Amino acid sequence: RSRGAMQAVARMWAARRPASRLGVRCFSADLEAIRNIGISAHIDSGKTTLTERILYYTGRIKEIHDVRGKDGVGAKMDHMELERERGITITSAATYCNWKVGDQLAHINIIDTPGHVDFTIEVERALRVLDGAVLVACGVGGVQAQTVTVDRQMKRYDVPRIIFVNKLDRYGANPFTVLAQIRQKLGLHAAALQIPIGEENKYAGVACVITRKAYLFDGEKGSSMRVDEVPAELKEQLEEVRNELIEHLADVDDEFAEQFLEGELTEQHFHDAIRRSVISLKFCPMVMGSAYKNKGVQNLLDAVVRYLPHPGEKRNVAYDLDQDEEEIEVQPADPKAPFVGLAFKIQEHPQCGQISYLRVYQGKLSKGDSIVNLGNNKRHTVRRLIRMHSNDIKDVETVGAGDIVAIGGFECESGTCFTDGKVKWAMASMYVPDPVVSLSVACKGRDEMPKFQKALKRFVKEDPTFRVHVDEETQQTIVSGMGELHVEVYAERMRREYGLTITTGAPQVHFRETITERADFDYQYKRQSGGRGQYGKVIGYIEPIPEEDDKYMTNEFVNDLTGNDVPPNFHASIQKGFLEVSVNGQLSGHRLLGCRYVVTDGAAHEVDSSDIAFRLAAAGGFQQAFPKAHPIILEPIMKVEITVPSEFQAAGLQSLTHRRGSITNTMPIPGDAVTVEALVPLKDMFGYSNDLRSATQGQGEFVMTFEEYQPMTGDQQEELVQKYKDKLAGREVEQ
């Protein structure tokens, strides 16, 4: 489809919709035309390059630019200078486009997400509000570390997906090897809809197993898609892949199985069965191409429109705050339903100030409407309603259910729910992982302090995984994030965007503490200082949560109190006391996880008992039992995946074992290279990038993702405990 053809389609679309401009939907009639999709993958799989081609073929941009900005422009979705310099996506970016398949013209909202694990929150909050996704896999690298993480995130939010195997023009690319890895490593019921025509530098297009036609892409930018007959040498393979697709669809869709048994299958039978099974999360179709070489992108767009759900087909639930958080399914198809929306991302924009990306789940929203922030019950007027095209803005008047827009004119927090005030329905919050790395940051002098504090406050609001606190002892400002790159990027943004002179300290690891045995407590808190005293008594035990019950992820409070020895109004105080004391463990001062607090008995005084007395009694009970429960320190273990030329395999293995790495897998890959997977303690990974490059003459690459917490070795635990004791002793001397 040429850009001229797409522009003609756009003019026709605008002409038959007089109530709206192009790109601004009519309120309710077009619900089935909407596709809200995310493009997610492992780093360097070609997500942003793919989005660039999608925008070009749909007529949203006039020229194609490279990701790294070699031509001085850079890809449209990488709007930050830092992204274009580093060649990676740092923040998710939204855009929209139209695409026609047959008689159906679809409006597609797209969110391009980062591939680096340090910016995983951007993927998390995008998938929270999307109805479908494109999971991009490299035709050479296959299923990699972050591919697994992204797939896990998609499963967490029940997001249907299409798989796009990219980079088929590269040496060693094999989509069917990738398909086998997807089935094995991700556990997905997947099958190919296409086979490649040509290999590596002779890659020319795809042959579709449904239509039994070849699709070739002509012209410098592949904008002309030519339909032809399948080459004779590929017909046998095409039928084999087609039969495999039929087998997979018949396994997951009974209606398709009946149609197969009754006689000849039509193209529509395939399309309908794939759509039903994708929406029901039973099947993942795989298409393929090379975004950089401008091949296969149009077929992917066809698949997005045909197979991914519209907002009315994805079940979303809200919780009625007026009815004890009763679960209610939102109704996007009802034009008279009360407005319900979720602000999933906030961002500072140079023209609009703070803008909030909003998914409209129900009802409609217009410029000038009054909406209620359920976080603080404040009412706001929507002064600006905006469609985002990367960092470009376009004002609109009205949006309907299922759409994604941005609102401006007032401030809110990421994850805030809005309604029109007629209902108090809150959407479920997104999963936010805990930071794993901390370091100290400081500006040059007092003159820079106001801008320094402003920058930190802004970044904390924008990114839930970026945390800031001031160390009580040293009075240093400590920032925490998901990795070295994460916090380094924010330090660099403070230098560039605020003109600050920033210095950083050594990274710090977030350890955890836990217990390994049950221990009892019987503690009485009693204070008398004239007048009313303080009294509370708690009896019970602490025990480790079994590993199969999600150990090391949380703490649990069990209330086994009976009778009125402890009045019910103090039960919550006891729970709060235990949770407060879990923030700082006794061994190293790090958070305690994997502990179950069980209270079986206690006592109260009719005058002296209070909320604070029972909170302190709970804290005292914990301190009494904790040493007897054989506590240990846990350290974060990272799954590290390095890729090195085969000649440097030994050097790569040695670089991991020197850092206490445990090798879990070694696998040769096309191109005379090898991938090594290992589990390595995070505290031993600082500075690894430079060491790996030195050992491999600059040719080694690595990625790492958080895997789990594991107990530290005895000598290392003793060292950490002693440092904490020395720190406490120094604090006492100062006091």
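In this text, all values refer to a predicted model and were calculated from it rather than measured experimentally.

A closer look at the overall build of the chain
Line of reasoning, step 1. The secondary structure content of the chain amounts to 17 helices and 38 strands.
Line of reasoning, step 2. For 735 residues, the compact-globule formula gives about 27 Å, and the C-alpha radius of gyration of the chain, at 28 Å, lands near that figure.
Line of reasoning, step 3. By residue count, 56% of the 735 residues in the chain fall in the buried class.
Line of reasoning, step 4. At a minimum sequence separation of 6, the contacts of the chain that also span at least 24 residues come to 71%.
Line of reasoning, step 5. For the chain, the accessible surface area stands at approximately 31800 Å², while carbon and sulfur atoms represent 46% of it.
Line of reasoning, step 6. Within the chain, one finds 88 positive and 105 negative side-chain charges whose respective centroids are separated by 7 Å.

Points about the sheet that holds strand 7 (residues 194-197)
Line of reasoning, step 1. Taken together, 4 strands build an open sheet; the order of strands is 7-8-9-10 and the sheet is antiparallel. Because the sheet does not close on itself, it has two edges, and the strands there are strand 7 and strand 10 (224-228). Across the sheet, the axes of successive neighbouring strands diverge by a mean angle of 30°, strand direction being ignored.
Line of reasoning, step 2. Pairing of strand 7 with strand 8 (residues 205-208), which is carried by 4 bridges, proceeds in the antiparallel orientation. Each residue of the ladder has a partner; that of Ile-197, found in strand 8, is Gly-205.
Line of reasoning, step 3. Helix 10 (residues 297-307) contacts strand 7, strand 8, strand 9 (213-218) and strand 10 of the sheet and is inclined by roughly 125° relative to strand 9.

Overview of the packing of helix 4 (residues 120-129) against helix 5 (residues 145-156)
Line of reasoning, step 1. At a minimum axis distance of 9 Å, the contact between helix 4 and helix 5 shows a crossing angle of 30°. What the angle tells us is that helix 4 and helix 5 run roughly parallel. In the crossing of helix 4 with helix 5, the sense of the turn from one axis to the other is right-handed. Contact with helix 4, carried on its side by Thr-120, Val-123, Glu-124 and Leu-127, involves Gln-146, Thr-149, Val-150, Gln-153, Met-154 and Arg-156 of helix 5 and no other residues of that element.
Line of reasoning, step 2. Taken together, the residues of the contact of helix 4 with helix 5 break down into 4 nonpolar, 4 polar and 2 charged.

Looking at the pairing of strand 37 (residues 673-681)
Line of reasoning, step 1. Within strand 37, 8 of the 9 residues are buried, which leaves the element mostly enclosed by the surrounding structure.
Line of reasoning, step 2. The pairing of strand 35 (residues 632-645) with strand 37 spans 9 bridges and is classified as antiparallel. Opposite Glu-641, over in strand 37, you have Glu-677 as the bridge partner.
Line of reasoning, step 3. By the bridge criterion, 7 bridges tie strand 36 (residues 662-669) to strand 37 in an arrangement that is antiparallel. What sits directly across from Pro-668, in strand 37, is Val-674.

Focus: the nonpolar core
Line of reasoning, step 1. Residues Leu-50, Ile-108, Val-134 and Leu-245 are the most contacted members of the largest nonpolar core, which totals 114 residues.
Line of reasoning, step 2. Of the residues forming this core, the biggest block, 7 residues, is contributed by helix 10.
Line of reasoning, step 3. Once you skip the residues sitting within four places of it in the chain, Val-134 turns out to touch Ile-37, Gly-38, Ile-39, Ser-40, Leu-50, Met-154, Ile-162, Phe-164, Leu-300 and Val-304.
Line of reasoning, step 4. In this structure, Val-509, Val-566, Ala-619 and Leu-682 belong to the second largest nonpolar core, which totals 50 residues.

Describing the confidence of the model for the chain
Line of reasoning, step 1. Put simply, the chain has an average pLDDT of 87, and 93% of its residues get 70 or more.
Line of reasoning, step 2. Low pLDDT, under 50, characterises residues 1-29; the stretch is placed with 55 contacts to residues that sit more than four places away or in other chains.

What counts and how
- Residues numbered from 1 in each chain as written.
- Predicted model: local features only at pLDDT ≥ 70, side-chain atom pairs only at ≥ 80, totals over all residues.
- Heavy atoms only, no water.
- Helix = DSSP H or I, 4+ residues; strand = E, 2+ residues; numbered from the N terminus.
- Rg over C-alpha atoms; globule rule 2.2 N^0.38 Å.
- Buried < 20%, exposed > 50% of the residue type's maximum accessible area, 1.4 Å probe, protein only.
- Contact = heavy atoms within 4.5 Å.
- Areas by Shrake-Rupley, 256 points an atom, 1.4 Å probe, with all protein chains shown as cover.
- Lys, Arg positive; Asp, Glu negative; His and termini not counted.
- Charge placed at Lys NZ, Arg CZ, Asp CG, Glu CD.
- Pairing = 2+ DSSP bridges.
- Axes fitted to C-alpha atoms, helices over the stretch in contact; angles between N-to-C directions.
- Parallel < 35°, antiparallel > 145°, perpendicular 65-115°, else oblique.
- Left-handed = near helix turned anticlockwise from the far one by under 90°.
- Nonpolar A, V, L, I, M, F, W, Y, C, P; charged D, E, K, R; others polar.
- Core = buried A, V, L, I, M, F, W, Y, C linked by side-chain atoms within 4.5 Å.
- pLDDT = per-residue confidence, 0-100.

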